[in-house]
Amino acid sequence: MLTYTTPPFMNQSDPTRKTRVTCAPGLAPYLKQELEQLGFECLSMDKTGIEIEATTTQSMMLNLRLRTAFHVLQRFADINCRNADELYSEAKRLPWDRVIDPSGFVSVTSNVRNETISNSMFPNLRLKDAICDKLVEQGGKRPDTGSSTDGMVVSMHWVDSKARIYLNMTGRKLSDRGYRKMPFMAPMRETIAAAVLMEMKYDGTRPLVVPMCGSGTIAIEAALIAKHRAPGLLRSNYACNHWLNADKDAWSQQRVEAKKLMVKNDPAPIVATDIEEEAIEATRKNAVTAGVDHLIEFHVCDFAQTPIPEEAGDVVLHGEYGVRLGDDEELIATYKRIGDFLKTDCSGWDGYVFTSGKPLIGAIRLKVSKRTPFINAEIDCRLLKYELYRGSKVTEA
Ligand SMILES: C[S@@+](CC[C@H](N)C(=O)[O-])C[C@H]1O[C@@H](n2cnc3c(N)ncnc32)[C@H](O)[C@@H]1O
């Protein structure tokens, strides 16, 4: 059986449609929080995404405003297919001529679990062939195709004999905000930095100190949150603007609305430091690209020399950890020093350490008040919270 929805932008109406918003593993609870704050009901949630009902215009808004999402996918069709030949013949029956500009560019992405498929690229190829052959048969041209997600993107989720086809509204992941022109050593993904700040309940009203800031992702995401700046405004290319009959006016309107959210008041101080001059140069350049450099104080120094504002706030460290970088013995010594720094220099503050591995966590020797799991670059990590009341207790390692 083949079912499909009315192609978008075919008439004046903009009905709600089943829409899947995807995210990195582990971030779904933060994405749910964001969607609910924007007034959406989460119909279902799994490790990498949430189903909602949204109009095409609302989905444009989500592309611009969500901080923890990867993609906004509008459900287009459900196909029953046991193998790639059936996928091809069923997908060819869909009204591609109503959504795809034959003189444009199309790419297909997929997630497939089907016993007949061993080469993960093959389903993409068959679906792309179905789309192009259909368009040619209908008298159109054959669109250009390839792996770039900078044009129209069709995404498929195929498990056993059920393939769900989506019109991908986003294109490149929303985590690619566009400001990180200079990545420094092992940067944290922008969406994870945003989720870490959500976990810290950061809202810009208290000072934030980010020693070991690397390329500045946490500090920059914090400044965007504090200013209520929609992260999606930082880039201009979205897949939904390459759809046939794309509603450019609705998109412009959503951008205008997103800009109006920005607050005039500047946040409490944000301090970003790193021992490497190159890291601070990257942080500064990235902050300039994001338009938030005037909100961040930069220093090249050892984390323990970081200037701490007088008024108490939050300090967050994302140092190196064994699996990714550095040597364990040296790292353990660094984490001991992190514990000392938090205890002596940050008393009265809330301290956070984003890391991985028991020996490093033990080396901090402070009482953890909350552990939140995260997955960063496929490594199990923890965000550890320390309530650094004056005279914080040092525990046994
Ligand atoms: C994992 S990276 C941080 C990545 C960062 N969160 C980002 O998103 O780009 C760790 C950083 O710690 C810095 N670092 C290592 N030892 C340091 C020390 N003793 N004092 C200050 N910074 C240090 C490194 O230069 C590196 O930039």
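For the structure given in this document, a descriptive report is provided here.

1. Some points on the overall build of the protein
Point 1. Within the protein one finds 10 helices and 16 strands.
Point 2. For 397 residues, the compact-globule estimate of 2.2 N^0.38 gives 21 Å, and the protein sits close to it at 23 Å.
Point 3. Principal-axis analysis of the C-alpha atoms places the extent of the protein at approximately 75 × 45 × 35 Å.
Point 4. Considering only intrachain contacts with a sequence separation of at least 6, the fraction spanning at least 24 residues in the protein is 77%.
Point 5. Roughly 17900 Å² of accessible area belongs to the protein as shown, and the carbon and sulfur atoms make up 47% of that amount.
Point 6. Side-chain charges of the protein comprise 51 positive and 52 negative groups, with the mean position of each set lying 4 Å from the other.

2. Notes on the nonpolar core
Point 1. In this structure, Leu 35, Trp 96, Leu 127, Val 154 and Leu 342 are the most contacted members of the largest nonpolar core, which totals 119 residues.
Point 2. In terms of residue count, helix 6 (residues 217–226) provides more of this core than any other element does, eight residues in total.
Point 3. What Leu 35 contacts, discounting residues up to four positions off in sequence, is Val 21, Phe 40, Cys 42, Ile 50, Ile 52, Leu 62 and Leu 66.

3. A look at a negative patch on the surface
Point 1. Taken together, Glu 276, Glu 278, Glu 320 and Glu 330 make up a surface patch of like negative charges.
Point 2. Along the polypeptide, Glu 320 turns up in the loop between strand 13 (314–317) and helix 9 (328–345).
Point 3. Taking the relative accessible area as the measure of exposure, Glu 320 reaches 31% and is therefore partly exposed.

4. What to know about the environment of Asp 266
Point 1. Turning to its location among the elements, Asp 266 is positioned in the loop between helix 7 (248–260) and strand 11 (270–274).
Point 2. Between the alpha carbons of Asp 266 and Ala 226 there is a distance of 7.7 Å; along the sequence they are 40 residues apart.
Point 3. Ignoring sequence-local partners within four residues, the contact set of Asp 266 consists of Lys 227 and Leu 295.
Point 4. Within the local environment of Asp 266, its side chain forms a polar contact with the side chain of Lys 227, the two groups lying 3.0 Å apart.

5. Let's talk about helix 1 (residues 28–37)
Point 1. Residues Ala 28, Tyr 30, Leu 31, Glu 34 and Leu 35 constitute the buried set of helix 1. Buried residues of helix 1, seen end-on, are gathered within an arc of 160° and therefore sit on one face of the element.
Point 2. Taken together, the buried residues of helix 1 touch strand 2 (17–22), strand 3 (44–46), strand 4 (49–54), helix 2 (56–65), helix 5 (190–199) and strand 15 (370–376).
Point 3. Count one or two residues on from helix 1 and you reach Gly 39, which has phi positive near 90°.

6. A word on unusual backbone geometry
Point 1. Unusually for a residue other than glycine, Lys 201 sits at a positive phi of about 60°.
Point 2. As for its placement among the helices and strands, Lys 201 is situated in the loop between helix 5 and strand 10 (208–210).

7. Details of the site of the ligand
Point 1. Around the ligand sit 21 residues, and of these Met 188, Ser 215, Thr 217, Asp 274 and His 318 come closest.
Point 2. Separating an oxygen atom of the ligand from a side-chain N or O atom of Thr 217 is a distance of 2.8 Å.
Point 3. One of the backbone N or O atoms of Ile 275 is found 3.3 Å from a nitrogen atom in the ligand.
Point 4. Protein coverage of the free-state accessible area of the ligand, which is 600 Å², stands at 95%.
Point 5. When the residues that make up the shell around the ligand are grouped by side-chain class, the tally is 10 nonpolar, six polar and five charged.

8. Some words on the packing of aromatic side chains
Point 1. As enumerated under the stated definition, the model contains five aromatic pairs in all.
Point 2. With 5.7 Å between their ring centres and 15° between their planes, Tyr 30 and Phe 374 make a pair best called stacked. With Tyr 30 in helix 1 and Phe 374 in strand 15, this residue pair connects regions lying 344 residues apart in the sequence.
Point 3. Their ring planes at 50° and their centres at 5.7 Å tell us that Phe 354 and Phe 374 sit as a pair that is tilted. One end of the pair, Phe 354, is in strand 14 (residues 349–355); the other, Phe 374, is in strand 15, and 20 residues separate them in sequence.
Point 4. You can call Phe 354 buried: its relative accessible area is 0%.
Point 5. Three or more aromatic residues joined by ring pairs form one cluster here, namely Tyr 30, Phe 354 and Phe 374.
Point 6. Over the ring of Phe 70 we find Lys 173; its NZ or CZ atom is 4.9 Å from the centre of that ring.
Point 7. The ring of Tyr 238 carries Arg 235 above its face, with NZ or CZ at 4.4 Å from the centroid.

9. Some thoughts on the environment of Ile 364
Point 1. For Ile 364, the location among the structural elements is in helix 10 (residues 358–364).
Point 2. In sequence terms Ile 364 and Lys 336 are 28 residues apart; their C-alpha atoms lie 4.9 Å from each other.
Point 3. Contacts of Ile 364, omitting those with residues within four sequence positions, involve Tyr 335, Gly 339, Val 353, Leu 384 and Tyr 386.

10. Examining the sheet that holds strand 13
Point 1. Strands sit in the order 12-11-10-13-14-16-15 across an open sheet of seven strands; the sheet is mixed. In the strand order of this sheet, the two ends are held by strand 12 (296–300) and strand 15, each with one partner. Taken pair by pair, the neighbouring strands of this sheet meet at an average axis angle of 20°, ignoring direction.
Point 2. When strand 13 meets strand 14, the two strands line up parallel, connected through four bridges.

Each value, and the rule that gives it
- Residues numbered from 1 in each chain as written.
- Predicted model: local features only at pLDDT ≥ 70, side-chain atom pairs only at ≥ 80, totals over all residues.
- Heavy atoms only, no water.
- Helix = DSSP H or I, 4+ residues; strand = E, 2+ residues; numbered from the N terminus.
- Rg over C-alpha atoms; globule rule 2.2 N^0.38 Å.
- Contact = heavy atoms within 4.5 Å.
- Areas by Shrake-Rupley, 256 points an atom, 1.4 Å probe, with all protein chains shown as cover.
- Lys, Arg positive; Asp, Glu negative; His and termini not counted.
- Charge placed at Lys NZ, Arg CZ, Asp CG, Glu CD.
- Core = buried A, V, L, I, M, F, W, Y, C linked by side-chain atoms within 4.5 Å.
- Buried < 20%, exposed > 50% of the residue type's maximum accessible area, 1.4 Å probe, protein only.
- Patch = residues over 30% accessible without salt bridge, like charges linked within 9 Å, V, L, I, M, F, W, Y side chains within 5 Å.
- Salt bridge = Lys/Arg side-chain N within 4 Å of Asp/Glu carboxyl O.
- Polar contact = N/O pair within 3.5 Å; in protein donor to acceptor, adjacent residues only side chain to side chain.
- Arc of directions from axis to C-beta.
- Near = heavy atom within 4 Å.
- Nonpolar A, V, L, I, M, F, W, Y, C, P; charged D, E, K, R; others polar.
- Phe/Tyr/Trp six-rings, centres within 6.5 Å; stacked < 30°, edge-to-face > 60°.
- Lys NZ or Arg CZ within 6 Å of the ring centre and 35° of its normal.
- Pairing = 2+ DSSP bridges.
- Axes fitted to C-alpha atoms, helices over the stretch in contact; angles between N-to-C directions.

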